Amino acid sequence: MLAWAYARAGRTAPRLFEEISRASAPLVVDMDARSLAKLMWAFARAGELKPEMLKIVAKAITPQVGFIIYIYILYIYSFIYINIYIYIYIYIYI
């Protein structure tokens, strides 16, 4: 939140953002999507978004995104599967 507050106020503090980047790197994996988005927004707004930070964030969210896509595919598959049974039932019994 400190990074967000500085960025929102339009203050530049390169050393602060460097330290926040260094301290938050191991914690990125455990952050929820909202906190991660606020952190990335703060770095981008302050002009302190570095490629190293983007790589860390990309590695952290890849499993989450992969899991979300997997769940979405299962949802679509189950929807199609249920519709097939409904069509078969309608065809046979109606």
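Up top is the structure these notes are about.
Sequence order as written defines residue numbering, which begins from 1 separately in each chain. In keeping with the predicted nature of the model, local features appear solely for residues at pLDDT of at least 70, side-chain atom pairs appear and are counted solely at 80 or more, and the whole-chain, interface and lining totals rest on all residues. As a rule here, side-chain values come from all non-hydrogen atoms in the structure, and water together with hydrogens is ignored.

A. Layout of the packing of helix H1 (residues 2-9) against helix H2 (residues 14-24). Axis definition: a line fitted to C-alpha atoms, over the contacting stretch in the case of helices. Angles run 0 to 180 degrees between N-to-C directions. Elements are defined by DSSP. Helices are runs of H or I of four residues or more, strands are runs of E of two residues or more, and each kind is numbered from the N terminus. Two elements in contact, H1 and H2, have axes whose closest approach is 10 Å; the angle formed by their N-to-C orientations is 150°. Relative to H2, the element H1 lies roughly antiparallel. Remark: the crossing between H1 and H2 carries left-handed chirality. Contact with H1, carried on its side by Leu2, Ala3, Tyr6 and Ala7, involves Leu16, Phe17 and Ile20 of H2 and no other residues of that element. Small angles under 35 degrees read as roughly parallel and large ones over 145 as roughly antiparallel, with 65 to 115 read as roughly perpendicular and the rest as oblique. It is the rotation of the near helix from the far one that decides the hand of a crossing: anticlockwise by less than a right angle makes it left-handed, clockwise makes it right-handed. Working rule for contacts: check all heavy atoms of both residues, and any pair within 4.5 Å makes them a contact.

B. Looking closely at the side chain of Glu48. Its location among the elements puts Glu48 in the loop between helix H3 (33-46) and helix H4 (51-93). Here's how the labels work: a residue is buried when its accessible area is under 20% of the maximum for its type, exposed when over 50%, partly exposed in between, all with a 1.4 Å probe on protein chains only. Using a relative accessible area of 14% as the deciding quantity, one classes Glu48 as buried. Setting aside its immediate chain neighbours within four residues, Glu48 contacts Pro14, Phe17 and Phe43.

C. Broad picture of the nonpolar core. Throughout, nonpolar core names a set of buried Ala, Val, Leu, Ile, Met, Phe, Trp, Tyr and Cys residues whose side chains join them through atoms within 4.5 Å. Ranked by internal contacts, the top residues of the largest apolar core, which has 14 residues, are Ala3, Phe17, Val28, Leu39, Phe43 and Met53. Elements with a minimum of two residues in this core: H1, H2, H3 and H4. Contact partners of Met53, with chain neighbours within four places excluded, come to Ser21, Ser24, Val28, Leu39, Met40 and Phe43.

D. A look at the side chain of Ser24. Locating Ser24 in the fold gives a position in helix H2. The exposure class of Ser24 is buried, given its relative accessible area of 6%. Throughout this description, a polar contact denotes any pair of N or O atoms lying within 3.5 Å of each other; where both atoms belong to protein, one of them has to be capable of donating a hydrogen while the other can accept it, and for residues adjacent in sequence the pair is counted only when both atoms sit in side chains. Engagement of the side chain of Ser24 in a polar contact is seen with the backbone oxygen of Ser21, the distance being 3.5 Å.

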